[in-house]
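Topology and contacts: notes
Each chain is listed here by its residues.
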Amino acid sequence: MNKQKKPPIPISGVVYGEIIYWCTCISALVVIFGTIRSFLEVDSKIPVEYLLNAVFEGRSVESVWAGSALQKVPDALTYLAILSSGEAVTVAGISFGILSVGPAIFFSAAFMWRSKNEFFAVTALLSGTFAVVAPFVFFLI
Amino acid sequence: MMISKRLPELQLLIVCTISCYIFLELFVASAALDGLFGFTGVDIIFISFLLSFFVAIISVVAGVGGGVIFTPLMLAFTSVDTLIIRSTGLVVAMFSGLVASGPFMRKGLADIKLVFLGALPILVGGFVGSMAAVSLSQHLGETGDSIVRIALGLLLLAIALVFIVGGASTEYPEHGKRSKLADKLKLRHMYWEDTLQKPVKYNVHNVKVAVILLFVVGFTGGFFGLGGGWAVVPVLNLVMSVPLKVSAATSGVLLAMGNSAAIWPYINAGALIGVVAAPWMLGQIIGGIVGAHVLSGIKAAFVRKLLIAMLFLTSLKLLSRGIEGLFNISIPFI
């Protein structure tokens, strides 16, 4: 029987996939730690039981946060100020996974350029820049 | 079991996650939540994790992203705030795709050129869509939520119809005329098809139309918190003539990328509640890895039939809840 050869796999894709894959695994470990911390901490500014009750009661986002010790909707700076709390660690873990997209695109773009796919290297650079800039847009508005 | 032996990191994640929930169940005194049948906070996050795990496997294999299952079900059947559901929906849609990106790229199932062709329109569309969602919710309140439910119900019906129209016959789409732009961009590729035990070649078509459609898909994905994979598969498969399995894998990678921008307006509005999103994220990661390895060995069209039935049922519930909220009436039997 004629055995067929497997086609080569583009290195730029593998680079992108590996960076995202491992960063996502790390972010999952941080999220697990944050979850445990949320349930163990006492006198938290964002108690986990309160959050779950408020969310499943159907309260609005503003009302959920207004009823917590924070008394306002948290932004990135609020989370940084209470980074030792379980909720902040959990959100930081999720954010790390999300933010890994930008650098992964940049590394992949470099390999795309080296493999003479200049057009896609440029579209990758533009996409990576947008992914990196998006979280900071709200500080500019 | 075989998958976890080949992937020690998956074993580590599973062990850490299960240990975390066992530890919390055994050693943390968690009070029962109001109106949730006596379940404690720990119970709720463990149940969420299990649901997310199964949603991830189904969604990766169907190439739709978990958001298209999670968001409509939660909007239809719970009273949780719509912004919180939609932000968690984006996390669900994103993380199965993020973690599946590795296996998809390693196996050559996802086409990196197609990913970077569609990345910018999806990123921009998703970001604009979620900005619009937050703005609508802040200005129209419960009326806005009812409008969102009705619009999503109609959208789900359309998605189900798209899946019915583009069924199993499009697994290896044929397209007679070659696209000049695709030729110029060298948009042709080859992947190894496990079920046929041979390489499959394909050429890409209708590049310009697809780029516009991907922006629209990104917008609706960000607005409803669905992600965008539900429509990326039809765009790649039906419009660009990409084989179904490559479409499913590429859409997984693309939607994860697109949602990475769409999530920020929700986070900035305080709609991402870490403790609610965490079990859904963990379930998506572990289920996503399992789903990505299962994908290369099965026919994706079969799973999509299950999805179509779920889309129809959920759309009925969403429409009824939206109409009830908007006109202050009660619709029986739904």
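Refer to the structure printed above.
Calculation rules
Residues numbered from 1 in each chain as written. Chains lettered and ligands numbered in written order. Predicted model: local features only at pLDDT ≥ 70, side-chain atom pairs only at ≥ 80, totals over all residues. Axes fitted to C-alpha atoms, helices over the stretch in contact; angles between N-to-C directions. Helix = DSSP H or I, 4+ residues; strand = E, 2+ residues; numbered from the N terminus. Left-handed = near helix turned anticlockwise from the far one by under 90°. Contact = placed C-beta atoms within 7 Å. Nonpolar A, V, L, I, M, F, W, Y, C, P; charged D, E, K, R; others polar. Parallel < 35°, antiparallel > 145°, perpendicular 65-115°, else oblique. Pairing = 2+ DSSP bridges. Core = buried A, V, L, I, M, F, W, Y, C linked by C-beta atoms within 7 Å. Buried ≥ 20, exposed ≤ 12 C-beta atoms within 10 Å, placed from the backbone.

Considering the packing of helix α5 (residues 82-106) of chain B against helix α10 (residues 244-268) of chain B
Residue and element names in this part refer to chain B. α10 packs onto α5 with a crossing angle of 140 degrees between their chain directions and a minimal axis gap of 7 Å. By crossing handedness, the relation of α5 to α10 is classed as left-handed. Contacts between α5 and α10 involve L83, R86, S87, L90, V91, A93, M94, G97, L98, A100, S101 and F104 from the first element and A249, G252, V253, L255, A256, N259, S260, A262, I263 and Y266 from the second. Residues of the contact of α5 with α10, tallied by class, amount to 15 nonpolar, six polar and one charged.

Here's the deal with the packing of helix α1 (residues 11-40) of chain A against helix α2 (residues 8-27) of chain B
Between two packed helices, what matters for the description is the angle formed by their axes and the separation of those axes. Between α1(A) and α2(B), the shortest axis-to-axis distance is 10 Å and the interhelical angle comes to 10 degrees. Considered as vectors, α1(A) and α2(B) are oriented roughly parallel to each other. Residue-level inspection shows C25(A), A28(A), L29(A), I32(A), T35(A), I36(A) and F39(A) of α1(A) in contact with α2(B), the latter providing E9(B), L13(B), C16(B), T17(B), C20(B), F23(B) and L24(B). Residues of the contact of α1(A) with α2(B), tallied by class, amount to eleven nonpolar, two polar and one charged.

Examining the pairing of strand β1 (residues 188-193) of chain B
All names here are of chain B. Alignment of β1 against strand β2 (residues 198-203), held across six bridges, turns out to be antiparallel. Paired with Y191 across the strands is V200, a residue of β2. Between β1 and β2, which pair antiparallel in sequence order, lie four residues; one of them, Q197, sits at a positive phi of approximately 55 degrees.

Things to note about the nonpolar core
Core analysis: the largest hydrophobic core is formed by 147 residues, its most contacted members being V91(B) and M281(B). Once you skip the residues sitting within four places of it in the chain, M281(B) turns out to touch V31(A), I94(A), V91(B) and F95(B).

Things to note about unusual backbone geometry
Residues and elements named next belong to chain A. Here Q71, not a glycine, exhibits a phi torsion of approximately 60 degrees, which is positive. Considering the arrangement of structural elements, one finds Q71 in the loop between α3 (61-66) and α4 (76-81). With a phi close to 65 degrees, K116 is a non-glycine residue in the positive phi region.

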